[in-house]
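Spelled out from the first residue to the last, the chains are:
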Amino acid sequence: MAIEDDVVVIGGGLAGMTTALSAAREGSRVRLLSHKESTLRFASGLIDVLGYVEGEIVSNPFETISALPDEHPYQKVGEDGVRAGLALFDSVADYAGDHTDRNALVPTFGGRIKPTARYPKHTAPGLASDERDTLLVGFETVVDFDAPVAAEHLRETVPFDVRGVTLSFPGEFRTDAKITRLAHALDKNERVEIGSSENVSQSEPVRIALAEKIKPHLGDAERIGFPAMLGEDHPEDVRATLERKLDVEVFEIPMGPPSLPGMRLEAQFESALKEAGVRITTGNPVVDFESGDNGEISAVVVERNGAAIPFHGEQFVLATGGLVGKGIDSDREGVREPIFDCRVPAPEDRYEWSEDGAFDNHAFARFGVQVDDELRPLDSAGEPEFENLRAVGGVLGNCDVSAEKSASGVSLSTGTVAGRKASDEVNP
Ligand SMILES: Cc1cc2nc3c(=O)[nH]c(=O)nc-3n(C[C@H](O)[C@H](O)[C@H](O)COP(=O)(O)OP(=O)(O)OC[C@H]3O[C@@H](n4cnc5c(N)ncnc54)[C@H](O)[C@@H]3O)c2cc1C
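Residues take numbers from 1 onward in each chain, read along the sequence in its written order. With the structure being a predicted model, the display of local features is reserved for residues of pLDDT at least 70 and the display and counting of side-chain atom pairs for 80 or more, all residues being used for whole-chain, interface and lining totals. Only hydrogens and water are set aside when side-chain values are computed; all heavy atoms of the structure are taken into account.

A. Up close: the overall build of the protein. Numbering of helices and strands runs from the N terminus, with a helix taken as a DSSP run of H or I at least four residues long and a strand as a DSSP run of E at least two residues long. Each helix and strand in the protein was counted, giving ten helices and 21 strands. In terms of overall size, the protein behaves like a compact globule, its C-alpha atoms giving a radius of gyration of 24 Å where 428 residues would be expected to give roughly 22 Å. Every one of the 428 residues in the protein was classed for burial, and the buried ones make up 52%. Taking the contacts inside the protein whose residues are at least 6 apart along the sequence as the reference set, 65% of them involve residues at least 24 apart. Accessible area of the protein: about 19,700 Å², with a carbon and sulfur share of 45%. Considering the protein, the positive charge centre built from 42 side chains and the negative charge centre built from 75 side chains are found 6 Å apart. It is over C-alpha atoms that the radius of gyration is taken, and the globule rule equals 2.2 Å times the number of residues to the power 0.38. Remark: exposure states derive from per-residue accessible area (1.4 Å probe, protein chains only) relative to the maximum for the residue type, with buried under 20%, exposed over 50%, and partly exposed in between. Residues are treated as being in contact if the distance between any of their heavy atoms lies within 4.5 Å. Per-residue and other accessible areas follow the Shrake-Rupley method at a 1.4 Å probe size, with only the shown protein chains counted as cover for residues. For the charge count, each Lys or Arg is scored as positive and each Asp or Glu as negative, with His and the chain ends excluded. Positions of charges follow a simple convention, taking NZ of Lys, CZ of Arg, CG of Asp or CD of Glu.

B. Quick look at the pattern of salt bridges. Here, a salt bridge means any Lys or Arg side-chain nitrogen found within 4 Å of an Asp or Glu carboxyl oxygen. A complete count under the given rule lists 24 salt bridges for this structure. For D48, the salt bridge goes to K114, with nearest N and O atoms at 2.6 Å. A residue pair is termed long-range when its members are at least 10 positions apart, and D48 in the loop between strand 2 (30-34) and strand 3 (52-53) and K114 in strand 7 (residues 113-116) qualify at 66 residues. Taking relative accessible area as the criterion, D48 reaches 9% and is therefore assigned buried. With relative accessibility at 16%, the residue K114 sits in the buried group.

C. Fine view of helix 1 (residues 14-25). Helix span is expected to be 1.5 Å times the residue number reduced by one. The terminal C-alpha atoms of helix 1 lie 16 Å apart, and with twelve residues this matches the ideal 16 Å at 1.5 Å per residue to within 8%. Extensive coverage of helix 1 is indicated by the burial of eleven of its twelve residues. All buried positions along helix 1 are accounted for by L14, A15, G16, M17, T18, T19, A20, L21, S22, A23 and A24. Just beyond helix 1, the residue with positive phi is G27, at close to 105°.

D. Broad picture of the site of the ligand. We call a residue near a molecule or strand whenever a single non-hydrogen atom of that residue lies within 4 Å of it. If you check the shell around the ligand, you find 29 residues, and the closest are T39, S44, G394, S408 and S411. Taking T39, its side chain carries an N or O atom lying 2.4 Å from an oxygen atom of the ligand. For the ligand, whose unbound accessible area comes to 990 Å², protein coverage reaches 81%. Of all elements in the fold, only helix 1 and helix 10 (407-426) reach the threshold of two or more residues within the shell around the ligand. Residue contributions to the shell around the ligand peak at three residues, all from helix 10. Split by residue class, the shell around the ligand holds eleven nonpolar, 14 polar and four charged. Nitrogen and oxygen atoms within 3.5 Å of one another constitute a polar contact, given that in protein one can donate a hydrogen and the other can accept it, and given that sequence-neighbouring residues count only through two side-chain atoms. Gly falls in the polar group here, along with every residue not listed as nonpolar (Ala, Val, Leu, Ile, Met, Phe, Trp, Tyr, Cys, Pro) or charged (Asp, Glu, Lys, Arg).

E. Representation of the nonpolar core within the structure. By size, the foremost hydrophobic cluster in this structure holds 69 residues, and its most contacted members are F269, V300 and F340. Once residues within four sequence positions are removed from consideration, F269 is found in contact with L14, M17, T18, L21, L40, L88, F89, V92 and L412. As used here, the term nonpolar core means buried Ala, Val, Leu, Ile, Met, Phe, Trp, Tyr and Cys residues forming a set that is joined through side-chain atoms within 4.5 Å. Residues L136, L154, I224 and I253 belong to the second largest nonpolar core, which totals 47 residues.

F. Structural detail: the sheet that holds strand 10 (residues 162-167). One open sheet holds the four strands; their spatial order is 10-9-13-14, and the pairing between them is parallel. Edge positions in the sheet fall to strand 10 and strand 14 (249-253), since each of these pairs with one other strand and no more. Sheet twist, expressed as the average angle between the axes of neighbouring strands with direction ignored, equals 25°. In this scheme, strands are said to pair when DSSP sees at least two bridges between them. As paired elements, strand 9 (residues 134-139) and strand 13 (residues 223-227) share three bridges and run parallel to each other. The residue of strand 13 that forms the bridge with L136 is G225. Convention adopted: a line fitted to C-alpha atoms gives each axis, helices being fitted over their contacting stretch, and angles between N-to-C directions are expressed from 0 to 180 degrees.

G. The packing of helix 5 (residues 179-188) against helix 6 (residues 206-214), seen in detail. Contact geometry for helix 5 and helix 6: axes closest at 7 Å, N-to-C directions at 105°. One element, helix 5, and the other, helix 6, form an angle in the roughly perpendicular class. In this structure, helix 5 uses A185, L186 and D187 to contact helix 6, whose residues at the interface are V206, R207 and L210. Of the residues contributing to the contact of helix 5 with helix 6, the split by class is four nonpolar, no polar and two charged. In this scheme, roughly parallel covers angles under 35 degrees and roughly antiparallel covers those over 145, while 65 to 115 is roughly perpendicular and the rest are oblique.

H. Molecular detail of helix 3 (residues 73-92). Its 20 residues place the ends of helix 3 only 23 Å apart at the C-alpha level, less than the 28 Å of an ideal helix rising 1.5 Å per residue. A maximum bend of about 80° is found in helix 3 at E79. Fitting one axis to the seven residues ending at a residue and another to the seven starting there, the bend at that residue is the angle between the two axes.

I. Structural detail: the packing of aromatic side chains. We call Phe, Tyr and Trp rings a pair once their centres come within 6.5 Å, taking the six-membered ring for Trp, and we label the pair stacked below 30 degrees between planes, edge-to-face above 60, and tilted otherwise. The final tally for this structure, using the stated rule, is eight aromatic pairs. Centre to centre, the rings of F289 and F386 are 5.2 Å apart; their planes meet at 75°, and the pair counts as edge-to-face. Of this pair, F289 sits in strand 16 (residues 286-291) while F386 sits in the loop between strand 20 (334-336) and strand 21 (389-391); the two residues are 97 residues apart in sequence, bridging distant segments of the chain. With a relative accessible area of 21%, F289 lands in the partly exposed category. Among the aromatic side chains, those forming a connected cluster through ring pairs are F139, F169, F173 and F226. We count a charge as sitting over a ring when the NZ of a lysine or the CZ of an arginine lies within 6 Å of the ring centre and within 35 degrees of the ring normal. R83 extends its terminal NZ or CZ atom over the ring of F62, reaching a point 3.9 Å from the ring centre. The residue whose ring lies beneath R223 is F160, and the NZ or CZ to ring-centre distance is 4.8 Å.

J. Structural context of unusual backbone geometry. P257 connects to P258 through a cis peptide bond whose omega is -10°. Mapped onto the elements of the fold, P258 is located in the loop between strand 14 and helix 8 (260-275). We note that N305 has phi near 50°; this positive angle belongs to a residue other than glycine. For N305, a relative accessible area of 78% corresponds to the exposed category. Residues other than glycine seldom take positive phi values, yet K405 does so here, at roughly 55°.

K. Summary view of the side chain of R207. Relative to the elements of secondary structure, R207 occurs in helix 6. Buried within the structure, R207 lacks any salt-bridge partner; its nearest side chain of opposite charge belongs to D237, at an N-O separation of 5.0 Å. Discounting residues that sit within four places of it in the chain, R207 has contacts with L186, D187, N189, D237, V238, T241 and L242.

Structural data, given as structure tokens:
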């Protein structure tokens, strides 16, 4: 029997999950097809909406959206679409930042300051707009976060004192122990050896042992920043114990992959999708599509162990990400969108794809499908490629989300609007 849904979403990153949730909440029967699991676990967990325009820091994204080029995805969904994307996010995630339109300034693990719209509650006490003196604590085995170096960088930009110290994590963990292993030890408050007395080894719960290690370094610090590893399942408890023992506020600094804040966010989205009744199929790629008599898409084809499995639907949304995630592919022939072969404009001369400097304005950073105001991909004549296909998130062109710091905002806003529009077509 053919599998039939109202809305089929292809891609399980932030854009695809948002689209699926938006369409399901509008009453559609939704299928989410994703090759790999959500990419949130690799992301910092920060929700950037618009941090920079032409290299200048943005304090209020909503005052700046209208100044973006007409082709930018934010112009397609409008300010209302960006607000709707954030509202959907706020209904899913236990985050801070929804009290204001202004960007928060969050310290990064490299010791820079990042303008962002939403941030985990555990990150909130560390904001740079709060001028309390700060101690950063790193660990010898967590090499991505060098606390003294991060503190040195931060001191160049903030008006308060920041110091950094690197400690050994209490207990006998392998030197290559992953950040998740240490987080689980803190979750469970495992007992760890802290030395021996009269040849009898002594142990203590790891949260207490950690607080004891930090005490001699505390000085006048009024808050302590850790790499984001203070528990995966019970971060509130871990923070509360440390705050009680050290008598200062504790915050987390977002890290690269594997990202605990990203994993916590992924879990929150997964439970929202489940609650909304979205059916999720992961592990195999969508490789092709079938079209009906009217030229619309009637099904997408998933390749599973050499077999082609069609998933039928009325409306389809492409959320396969950009060049990094292979939602957009490039080869000697040019740049292409591999499933529907939607047009991806790019200069014929490959030398024009990039500039010399790493931080220059590279054309490839804006590669992606072009869409109309309905978010439908357009062909070379400016007509929709298919009446029942929309595109969202990283697969969209005309924005450099990395330079703008707008990746999550583009995914949330276009996903929310496309999910709603697709659902409106099915249930007018
Ligand atoms: C390391 C990292 C750090 C980040 N940090 C931040 C940050 O600090 N702030 C911020 O705002 N954003 C950040 N982001 C970006 C953000 O998490 C999203 O990646 C971005 O919003 C784009 O989302 P997306 O869903 O469009 O694409 P992706 O996240 O790339 O997801 C695409 C999905 O499509 C699936 N897919 C691709 N091809 C197929 C196919 N043929 N068939 C089926 N499924 C397919 C993939 O498996 C994947 O699940 C970061 C991302 C990464 C990877």
